[in-house]
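Spelled out, the chains give:
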Amino acid sequence: EGCESDIVRITRNTNTEKDGQVTLLHEVESAQERVNEQEYHLGRLESIMSIVEETHAKASSAESLSLDKLASVFEELRTTYKAEWALYRLSSLAGPLLVPPMRKFLSNWEPLSDPKGPAGAMKA
């Protein structure tokens, strides 16, 4: 009887250990999924930051950006990164980035001789 109870106890302990291992494996899988998801989102944010920093550097430099190029950058952000566009309100970056190219674009405009001059650019 003593041996039989030892066998039952050892079997119970073995089963408990196996259940614990299964639980730990599920937790590891779940944690790895979360890590993968975080890496994915981090990669997207790094891409967005790269685009924004490059655009800011070009907009602030002497060469400046054309309004068309700036519009294409924001179109790329809006279409490629839809969730981040809404979540981080990336559209609010347009104002500060738009000032230098708009200033350059409007510097040659003669409003009295060409009142509708920049109208086409304003549609974008």
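Before any of the text, the structure's been laid out above.
How each quantity is defined
Residues numbered from 1 in each chain as written. Predicted model: local features only at pLDDT ≥ 70, side-chain atom pairs only at ≥ 80, totals over all residues. Heavy atoms only, no water. Core = buried A, V, L, I, M, F, W, Y, C linked by side-chain atoms within 4.5 Å. Buried < 20%, exposed > 50% of the residue type's maximum accessible area, 1.4 Å probe, protein only. Helix = DSSP H or I, 4+ residues; strand = E, 2+ residues; numbered from the N terminus. Contact = heavy atoms within 4.5 Å. Salt bridge = Lys/Arg side-chain N within 4 Å of Asp/Glu carboxyl O. Phe/Tyr/Trp six-rings, centres within 6.5 Å; stacked < 30°, edge-to-face > 60°.

This part covers the nonpolar core. As a rule of thumb, nonpolar side chains are buried together in soluble globular proteins. With 13 residues, the main nonpolar core has I48, F74 and L77 as its most contacted residues. Elements supplying a minimum of two residues to this core: helix 1 (2-60) and helix 2 (67-80). When near neighbours in sequence (up to four residues on either side) are disregarded, I48 contacts L77, Y81, E84 and L90.

Further remarks concern the pattern of salt bridges. Enumeration according to the criterion identifies four salt bridges in this entry. Here K58 makes a salt bridge to E54, at a shortest N to O gap of 3.2 Å. Of this pair, K58 and E54 both sit in helix 1, four residues apart, which is roughly one turn of the helix. We classify K58 as partly exposed; its relative accessible area is 28%. Judged by relative accessible area, E54 falls into the partly exposed class, the value being 45%.

Following the criterion strictly, the structure yields one aromatic pair and no others. Taken together, a centroid distance of 6.2 Å and an interplanar angle of 75° make the contact between F74 and W85 edge-to-face. Here W85 lies in helix 3 (residues 82-87) and F74 lies in helix 2, a separation of 11 residues in the sequence. The exposure classification of F74 matches that of W85, with both residues buried.

All right, on to the environment of A86 then. For A86, the location among the structural elements is in helix 3. A86 sits in the exposed class, given a relative accessible area of 55%. The spacing of A86 and E46 is 40 residues in sequence and 17 Å in space, taken between C-alpha atoms.

Let's shift gears to unusual backbone geometry. One non-glycine residue with positive phi stands out, namely R89, at about 50°. Looking at R89, the relative accessible area reads 61%, which means it is exposed.

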